[in-house]
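Examination of the molecular architecture
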Amino acid sequence: MGKPAVVLLSGGLDSTTVLAIAKDQGYEPYALSFRYGQRHEVELEAARRVAASQGVARHVVAEIDLRVFGGSALTADIDVPKHDNSFELGDEIPSTYVPARNTIFLSFALAYAETVGAQDIFIGVNALDYSGYPDCRPEYIAAFQQMANLATRVGVEGAALTIHTPLIAMTKAEIVRAGSALGVDYGLTSSCYDPSQSGQPCGRCDSCLLRLKGFEEAGMTDPVAYQVA
């Protein structure tokens, strides 16, 4: 058994790839997902499938409800933006940004890490082919890691916590290739922000378009069936 590591697992393409990378690097993964009032809760079923297929030590689904604040198309009665292609994606922060989500998730990951004796946390943030969220940037991760080592017993006692972001400087195509090389079954994953009631991805939200762009540029076919091809 390797060193324990907490892996934030949404059930999407990026987090699933990160889980495979953590395992490949010799860590024993403890997966952490969230039911936070997201409209695309179908992603939790994907997270369970992925956790089972990759054999994590434990998979925790934390229950929080960010709908009490709203402010996002994922947690409030706001339409999810749709586009015809990835070229239409702008530089502005989209309405699918959930205020402080990664800060909240990483804070939970700190608590989980301390209870399982982990000094390593993996998160699938990406600063290239992404939706422009401010909490996916390298400077944010560096600042959070510094805070984590000031605010936890493990950090104060000298065993530093490390936030791993193996995808942060990768394109979606590079991510797809990396995961495929590690045997990731992307057919188990779910990335859509506005899936149908049956869980079928829309094919037009930011997340779907970036995912499809990644598979196309990697010269591969996305195994997931979309409402819109």
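Residues numbered from 1 in each chain as written. Predicted model: local features only at pLDDT ≥ 70, side-chain atom pairs only at ≥ 80, totals over all residues. Heavy atoms only, no water.

1. Describing unusual backbone geometry
This is how the line gets drawn: Relative accessible area decides the class of each residue, using a 1.4 Å probe on protein chains only: under 20% of the type maximum gives buried, over 50% gives exposed, and in between gives partly exposed.
One non-glycine residue, Ala100, lies in the positive phi region at around 65°. Owing to a relative accessible area of 34%, Ala100 belongs among the partly exposed residues under this scheme.

2. Digging into helix H3 (residues 101–116)
We apply this condition: Counting from the N terminus, the helices are the DSSP runs of H or I reaching at least four residues and the strands are the DSSP runs of E reaching at least two. A helix is expected to reach a length of 1.5 Å times the quantity of its residues less one. Any pair of residues with heavy atoms lying within 4.5 Å of one another is described as a contacting pair.
Here H3 spans 23 Å end to end across 16 residues, near enough to the 22 Å set by a 1.5 Å rise per residue. The set of residues buried in H3 consists of Arg101, Asn102, Phe105, Leu106, Ala109, Leu110, Tyr112, Ala113 and Val116. Structurally, H3 contributes buried residues whose contacts are with strand E1 (4–8), strand E2 (28–35), strand E3 (58–63), strand E4 (120–122), helix H4 (138–151) and strand E5 (162–164). Note on H3: the residue one or two positions beyond its end, Gly117, has a positive phi of about 75°.

3. Brief notes about empty space enclosed by the protein
Any empty space left between the atoms is revealed when a probe the size of a water molecule rolls over them. Rules: Buried and open spaces are told apart on a 1 Å grid over the protein atoms alone, a cavity being a set of points where a 1.4 Å probe fits but cannot get out and a pocket being an open set with protein on both sides within 12 Å along at least five of seven lines. Residues with an atom within 4 Å of a point are the lining residues. Grid points are joined across faces, edges and corners, and a volume is the space filled by probe spheres set on the points. In this classification, Asp, Glu, Lys and Arg are treated as charged, Ala, Val, Leu, Ile, Met, Phe, Trp, Tyr, Cys and Pro as nonpolar, and every other residue, Gly included, as polar.
Scanning all chains against the criterion turns up 1 cavity of 30 Å³ or more. If you add up the space inside the largest cavity, you get close to 700 Å³. Around the largest cavity, the lining is made up of 37 residues, and of these Ser10, Asp14, Arg101, Gly124 and Tyr193 lie nearest the centre. For the lining of the largest cavity, the class distribution of residues is 17 nonpolar, 13 polar and 7 charged.

4. Quick look at the sheet that holds E1
For clarity, the cut-off: Here, any two strands with at least 2 DSSP bridges between them count as paired. For helices, the axis comes from a line fit to the C-alpha atoms of the stretch in contact; other axes are also lines fit to C-alpha atoms, and the angle between any two N-to-C directions lies between 0 and 180 degrees.
Judged by pairing direction, the sheet is parallel, and its 5 strands sit side by side in the order E3-E2-E1-E4-E5 without closing on themselves. Sheet topology places E3 and E5 at the edges, where each strand pairs with a single neighbour. Across the sheet, the mean angle from the axis of one strand to that of its neighbour is 25°, orientation sign disregarded. Running over the sheet, H3 touches E1, E2, E3, E4 and E5 and is turned about 140° from E2.

5. Overview of the state of the cysteines
What counts is decided by this rule: The definition used for a disulfide is geometric: two cysteine sulfur atoms within 2.5 Å.
The final tally for this structure, using the stated rule, is 0 disulfides. Cysteine Cys208 remains unbridged, with the sulfur of Cys192 as its closest cysteine sulfur at 3.6 Å. A residue is classified by how much of its surface remains accessible, and Cys208, at 1% relative accessible area, is buried.

6. Let's talk about the packing of aromatic side chains
Inclusion rule: Note on aromatic contacts: the rings of Phe and Tyr and the six-membered ring of Trp form a pair at centre separations within 6.5 Å, being stacked when their planes are under 30 degrees apart, edge-to-face when over 60 apart, and tilted otherwise.
Summed over all chains, the structure comprises 8 aromatic pairs. For the ring pair Tyr186 and Phe215, a centre distance of 5.7 Å and an interplane angle of 90° mean the geometry is edge-to-face. Here Tyr186 is found in the loop between helix H6 (172–181) and helix H7 (206–217), whereas its partner Phe215 is found in helix H7, with 29 residues between them in sequence. Residue Tyr186 shares its accessibility class with Phe215, and that shared class is buried. Within the aromatic cluster, the residues linked to one another by ring pairs are Phe34, Tyr36, Phe105 and Phe108.

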